[in-house]
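Residue strings, one per chain:
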Amino acid sequence: MTDDVLKSYRKSIDNIDAALVCLLAERFKITQAVGTYKAQTGLPAADPGREEAQIARLRQLSEDAELDPEFSEKFLRFIIDEVIRHHRAAAGG
(Lines give C-alpha, C1' and ligand atoms only; values in the text may rest on other atoms or scores of the structure.)
Protein backbone atom coordinates (compact mmCIF):
# COMPACT_ATOMS: atom_id res chain seq x y z
CA MET A 1 0.00 0.00 0.00
CA THR A 2 1.38 3.42 -0.95
CA ASP A 3 0.68 6.33 1.34
CA ASP A 4 0.94 9.34 -0.97
CA VAL A 5 0.74 11.86 1.86
CA LEU A 6 3.63 10.26 3.73
CA LYS A 7 5.56 9.87 0.48
CA SER A 8 5.13 13.59 -0.23
CA TYR A 9 6.31 14.57 3.26
CA ARG A 10 9.34 12.31 2.94
CA LYS A 11 10.22 13.77 -0.46
CA SER A 12 10.21 17.24 1.07
CA ILE A 13 12.35 16.05 3.98
CA ASP A 14 14.80 14.46 1.52
CA ASN A 15 15.03 17.74 -0.41
CA ILE A 16 15.65 19.70 2.77
CA ASP A 17 18.33 17.20 3.88
CA ALA A 18 20.07 17.57 0.52
CA ALA A 19 20.00 21.36 0.85
CA LEU A 20 21.41 21.14 4.38
CA VAL A 21 24.30 18.99 3.19
CA CYS A 22 25.06 21.45 0.39
CA LEU A 23 24.91 24.40 2.78
CA LEU A 24 27.19 22.68 5.27
CA ALA A 25 29.65 21.81 2.50
CA GLU A 26 29.75 25.45 1.40
CA ARG A 27 30.12 26.65 4.98
CA PHE A 28 33.04 24.31 5.59
CA LYS A 29 34.77 25.42 2.38
CA ILE A 30 34.69 28.97 3.70
CA THR A 31 35.74 28.05 7.24
CA GLN A 32 38.64 26.02 5.84
CA ALA A 33 39.80 29.15 4.02
CA VAL A 34 39.48 31.04 7.31
CA GLY A 35 41.56 28.35 9.03
CA THR A 36 44.28 28.64 6.38
CA TYR A 37 44.26 32.43 6.75
CA LYS A 38 44.46 32.20 10.54
CA ALA A 39 47.37 29.75 10.30
CA GLN A 40 49.23 32.01 7.87
CA THR A 41 48.71 35.11 10.00
CA GLY A 42 49.28 33.50 13.39
CA LEU A 43 45.74 34.06 14.62
CA PRO A 44 44.31 31.62 17.17
CA ALA A 45 42.11 28.78 15.91
CA ALA A 46 39.27 29.69 18.26
CA ASP A 47 37.56 33.04 18.77
CA PRO A 48 35.37 32.66 21.88
CA GLY A 49 33.85 36.14 21.55
CA ARG A 50 32.75 35.50 17.98
CA GLU A 51 31.46 32.05 18.91
CA GLU A 52 29.33 33.40 21.75
CA ALA A 53 27.95 36.19 19.55
CA GLN A 54 27.05 33.68 16.84
CA ILE A 55 25.33 31.40 19.36
CA ALA A 56 23.33 34.30 20.79
CA ARG A 57 22.36 35.37 17.26
CA LEU A 58 21.33 31.85 16.29
CA ARG A 59 19.32 31.41 19.49
CA GLN A 60 17.37 34.58 18.66
CA LEU A 61 16.80 33.44 15.07
CA SER A 62 15.61 30.09 16.42
CA GLU A 63 13.15 31.68 18.78
CA ASP A 64 11.83 33.87 15.96
CA ALA A 65 11.42 30.76 13.78
CA GLU A 66 9.78 28.78 16.59
CA LEU A 67 12.67 26.31 16.68
CA ASP A 68 14.06 25.08 20.00
CA PRO A 69 17.02 27.39 20.75
CA GLU A 70 18.68 24.66 22.83
CA PHE A 71 18.72 22.39 19.78
CA SER A 72 20.10 25.20 17.62
CA GLU A 73 22.84 25.95 20.12
CA LYS A 74 23.87 22.29 20.32
CA PHE A 75 23.92 22.09 16.52
CA LEU A 76 26.01 25.25 16.16
CA ARG A 77 28.40 24.21 18.93
CA PHE A 78 28.96 20.91 17.12
CA ILE A 79 29.79 22.82 13.93
CA ILE A 80 32.03 25.30 15.78
CA ASP A 81 33.95 22.47 17.45
CA GLU A 82 34.54 20.84 14.07
CA VAL A 83 35.66 24.14 12.54
CA ILE A 84 38.11 24.73 15.40
CA ARG A 85 39.48 21.21 14.92
CA HIS A 86 40.06 22.01 11.23
CA HIS A 87 41.68 25.37 12.12
CA ARG A 88 44.04 23.69 14.57
CA ALA A 89 44.96 21.11 11.95
CA ALA A 90 45.66 23.90 9.44
CA ALA A 91 47.95 25.50 12.01
CA GLY A 92 49.79 22.20 12.42
CA GLY A 93 48.43 21.38 15.82
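Keep in mind the model is a prediction, meaning the values are calculated, not measured.

Undergrad: Even after reading the chapter, I still don't get the environment of Lys38, so can you show me in this structure?
TA: Within the secondary structure layout, Lys38 lies in helix α1 (residues 4-41). Judged by its relative accessible area of 14%, Lys38 falls in the buried class. Sequence separation between Lys38 and Asp81 is 43 residues, and the spatial gap between their C-alpha atoms is 16 Å. With residues up to four places along the chain from it excluded, the contact list for Lys38 reads Leu43, Pro44, Ala45, Ala46, Asp47 and His87.

Undergrad: I would appreciate a short explanation of unusual backbone geometry in the present structure.
TA: What is expected of a backbone is that most residues other than glycine have negative phi and most peptide bonds are trans. At Glu66, a position not held by glycine, the phi torsion is positive, near 60 degrees. Within the element layout of this structure, Glu66 appears in the loop between α2 (48-64) and α3 (69-90). Among the residues examined, Glu66 registers a relative accessible area of 76% and is labelled exposed.

The rules behind the values
- Residue indices begin from 1 for each chain and proceed along its sequence in written order.
- At least 70 in pLDDT is required for a residue's local features to be given in this predicted model, at least 80 for side-chain atom pairs to be given and counted, and no such filter applies to totals for whole chains, interfaces and linings, which use all residues.
- For side-chain calculations, the full set of non-hydrogen atoms in the structure is used, while hydrogens and water are omitted.
- A run of H or I in DSSP counts as a helix once it spans at least four residues, and a run of E counts as a strand once it spans at least two, with each numbered from the N terminus.
- A 1.4 Å probe rolled over the protein chains alone gives each residue an accessible area, and that area as a share of the maximum for its type sets the label: buried under 20%, exposed over 50%, partly exposed in between.
- Between two residues, a contact is recorded if the distance between any of their heavy atoms is within 4.5 Å.

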